[in-house]
Amino acid sequence: MFEMMPYAFNHNQSLLDSFADFEKNFFGELGRSASSFSTDIRDNGNEYVLEAELPGFNKEDIQVEVQNGQLMISAKHEEKQEEKDEKSGQYIRRERRYGSFQRSFSLDGIDPDGIEGSYQDGVLKLVLPKEQPAAPVSHRIEIH
């Protein structure tokens, strides 16, 4: 039966791995980047640092939101280029490029009010401070 399976589906791989291989072979790296973006997350002791690669986006194209215990990062870009023949007004070339990415991350153990972000040279950097354990509150009970 495995001899009849398409090349992209190897019996030693899961269906998702096979689809990822198919997508990579068919679309190249463009296919991988079409649905998400690369991130690195470092643990610096009292904080995490998340760096997301978003080349080609302007800072205004990027939104970072906290919703229901999730950190949502989204970016949307639209670019249009037109070249027309000056005499006829007909297009010589007209290109459009659209891109949109979105990822979410759990904020378990993170202080959402202390998150800080910056964007430089195509890299979004978010500093995510860890929640500090609440200091035990103690007080004396008056006995009457």
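Each chain carries its own residue numbering, running from 1 in the written order of its sequence. With pLDDT at 70 or above as the cut-off, local features in this predicted model cover only qualifying residues; side-chain atom pairs require 80 or more to be listed or tallied, and sums for whole chains, interfaces and linings still use all residues. Water and hydrogen atoms were dropped before computing side-chain values, which therefore reflect all heavy atoms in the structure.

**Observations concerning the sheet that holds strand S2 (residues 47–53)**
The strand order across the open sheet formed by four strands is S1-S2-S7-S6, and the pairing between neighbours is antiparallel. Single-partner strands in this sheet number two, and they are strand S1 (39–43) and strand S6 (116–120). Each strand axis lies, on average, 15 degrees off the axis of its neighbour in the sheet, ignoring direction. Bridging between S1 and S2 involves five bridges; their strand directions are antiparallel. Its bridge partner lying in S2, isoleucine 41 is registered against leucine 50. By definition, two strands form a pair when at least two bridges between them are found by DSSP. Numbering of helices and strands runs from the N terminus; a helix is a DSSP stretch of H or I covering at least four residues, while a strand is a stretch of E covering at least two. In this analysis, axes come from line fits to C-alpha atoms, helices being fitted only over the stretch in contact, and the angle between any two N-to-C directions falls in the range 0 to 180 degrees.

**Side note on the packing of aromatic side chains**
By convention, a stacked pair of Phe, Tyr or Trp rings (six-membered ring in the case of Trp) has centres within 6.5 Å and planes under 30 degrees apart, an edge-to-face pair has planes over 60 apart, and any other such pair is tilted. On inspection of all chains with the given rule, the structure shows two aromatic pairs. Aromatic pair phenylalanine 57 and phenylalanine 101: ring centres 5.5 Å apart, planes at 70 degrees, arrangement edge-to-face. Of this pair, phenylalanine 57 sits in the loop between S2 and strand S3 (62–67) while phenylalanine 101 is found in strand S5 (residues 91–106), placing the two residues 44 residues apart along the sequence. Here the two residues phenylalanine 57 and phenylalanine 101 agree in accessibility, since each one is buried. Three or more aromatic residues link up through ring pairs in this structure, and these residues are Phe37, Phe57 and Phe101. Charges are assigned to positions over rings by a cutoff of 6 Å between ring centre and Lys NZ or Arg CZ, combined with an angular limit of 35 degrees from the ring normal. The ring of phenylalanine 37 has arginine 103 sitting right over it, with the charged end atom 5.8 Å from the ring centre. Burial status follows relative accessibility: with a 1.4 Å probe on protein chains alone, a residue under 20% of its type maximum counts as buried, one over 50% as exposed, and anything between as partly exposed.

**So, the nonpolar core**
Among buried residues, the Ala, Val, Leu, Ile, Met, Phe, Trp, Tyr and Cys ones that are joined through side-chain atoms within 4.5 Å form a nonpolar core. If you look at the biggest cluster of nonpolar residues, it comprises 17 residues, and the most contacted ones within it are Leu54, Ile73 and Leu124. When contributions to this core are tallied by element, the ones reaching two or more residues are S2, strand S4 (70–84), S5 and strand S7 (123–129). Whether two residues are in contact is decided by their heavy atoms, any of which lying within 4.5 Å being enough. Residue contacts for isoleucine 73: discarding those within four places in its chain leaves Phe37, Leu50, Gln63, Val64, Phe101, Gln102, Arg103, Phe105, Leu124 and Leu126.

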